[in-house]
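# Inside the fold
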Amino acid sequence: MPDGLEATWVEPSQAAGMWLRRDTGEDGSPLSPGALDEIDAVVTAARVGIATTGTIVLDHTEDQGRRALTLVPDQHVCVIRADQVVHDVPEAVALLDPARPLTWISGPSATSDIELDRVEGVHGPRVLDVVVVG
């Protein structure tokens, strides 16, 4: 945890059914990218999961946090309820609000350079764990 930062735990909603650390500093302002980079892992919920592609979709409600929270720390653990998992992309799109910011995640961040050397964690977390709960 970054120096001078205390963990504050809140229960954002009964629907989420989980506890999250607020991604703000003591003064209530959002954590800086540097402070987020010092966090080893973040746990969020998701709006929907897609079985055929292995994709999770975040619409950044309170139980998911802002986009930087899910992209900067090295590990993202996403907890999703089984009833939020749909079969395919069209089913997922039907459940989403197009006016909300959406982040579609189909695995940990990875890229390859011109020599095809795979590098993880360039555009998001190096590790993505999805936990499906009954």
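Since we're looking at a predicted model, the values are computed, not measured. (Residues numbered from 1 in each chain as written. Predicted model: local features only at pLDDT ≥ 70, side-chain atom pairs only at ≥ 80, totals over all residues. Heavy atoms only, no water.)

The secondary structure content of the protein amounts to 3 helices and 11 strands. Helices and strands in the protein line up, N terminus first, as β-β-α-β-β-β-α-β-β-α-β-β-β-β. When the 134 residues of the protein are sorted by exposure, 34% land in the buried category. Counting only contacts in the protein whose residues sit at least 6 apart along the sequence, the fraction spanning at least 24 positions is 61%. With the model as given, the accessible surface of the protein reaches about 7,800 Å², and the carbon-plus-sulfur share is 53%. (Helix = DSSP H or I, 4+ residues; strand = E, 2+ residues; numbered from the N terminus. Buried < 20%, exposed > 50% of the residue type's maximum accessible area, 1.4 Å probe, protein only. Contact = heavy atoms within 4.5 Å. Areas by Shrake-Rupley, 256 points an atom, 1.4 Å probe, with all protein chains shown as cover.)

A few words now on the pairing of strand E5 (residues 55–58). Of the two faces of E5, the one lined by Thr55 and Val57 and the one lined by Ile56 and Leu58 are each fully buried. Taking the residues that link successive antiparallel strands as the turn, the strand E4 (residues 48–50)-E5 hairpin has 4 residues, and the phi of Gly54 there is positive, at about 70°. Of the strand pairs in this sheet, E5 and strand E8 (residues 103–105) are connected by 3 bridges, and their pairing is antiparallel. Paired with Val57 across the strands is Trp104, a residue of E8. (Pairing = 2+ DSSP bridges.)

Below, the discussion takes up the confidence of the model for the protein. Overall, the predicted model of the protein reaches an average pLDDT of 77, with 69% of residues at or above 70. Scored below 50 in pLDDT, residues 1–20 shows 39 contacts in the model against residues more than four places distant or in partner chains. (pLDDT = per-residue confidence, 0-100.)

This brings us to the pairing of strand E6 (residues 75–81). The side chains of a regular strand alternate between the sheet's two faces. In this structure, strand E3 (residues 41–44) lies alongside E6, joined through 4 bridges in parallel fashion. Across the sheet, residue Val42 finds its bridge partner in E6, namely His76. In this sheet, strand E11 (residues 127–133) lies alongside E6 in parallel orientation, the contact comprising 7 bridges. Within E11, the position partnered with Val79 by the bridge is Val131.

Here we come to the sheet that holds E11. A sheet is described by the order of its strands in space; here 3 strands give the open sequence E3-E6-E11, paired in parallel fashion. Of all the strands in the sheet, just E3 and E11 have a single pairing partner and so form its edges. On average, each strand axis in the sheet is inclined to that of its neighbour by 15°, with strand direction left out of account. (Axes fitted to C-alpha atoms, helices over the stretch in contact; angles between N-to-C directions.)

Let's shift gears to the environment of Asp63. Mapped onto the fold, Asp63 is located in the loop between E5 and helix H2 (67–71). Once the C-alpha coordinates of Asp63 and Ala46 are considered, the two residues, 17 residues apart in sequence, prove to be 7.8 Å apart. Reaching out from Asp63, the side chain makes a polar contact with the side chain of Gln64 at a distance of 3.4 Å. (Polar contact = N/O pair within 3.5 Å; in protein donor to acceptor, adjacent residues only side chain to side chain.)

Here we come to the nonpolar core. Ala46, Ile56, Leu58, Cys78, Ile80, Ile105 and Leu128 form the largest nonpolar core, which has 7 residues in total. When residues of this core are traced back to their parent elements, those giving at least two are E5 and E6. The contact partners of Ile80, leaving out residues within four places of it in the chain, are Ala46, Val48, Gly49, Val85, Val130, Val131, Val132 and Val133. (Core = buried A, V, L, I, M, F, W, Y, C linked by side-chain atoms within 4.5 Å.)

Quick look at the pattern of salt bridges now. Tallied over the entire structure, the rule returns 3 salt bridges. The residue Arg100 makes a salt bridge to Asp59 at a minimum N-O spacing of 4.0 Å. One end of the pair, Arg100, is in the loop between helix H3 (89–95) and E8; the other, Asp59, is in the loop between E5 and H2, and 41 residues separate them in sequence. Given a relative accessible area of 6%, Asp59 falls into the buried group. Between Asp83 and Arg81 there is a salt bridge whose closest N-O contact spans 3.1 Å. The class for Arg81 is partly exposed, based on a relative accessible area of 31%. Where salt bridges share partners, they join Arg47, Asp59 and Arg100 into one cluster. (Salt bridge = Lys/Arg side-chain N within 4 Å of Asp/Glu carboxyl O.)

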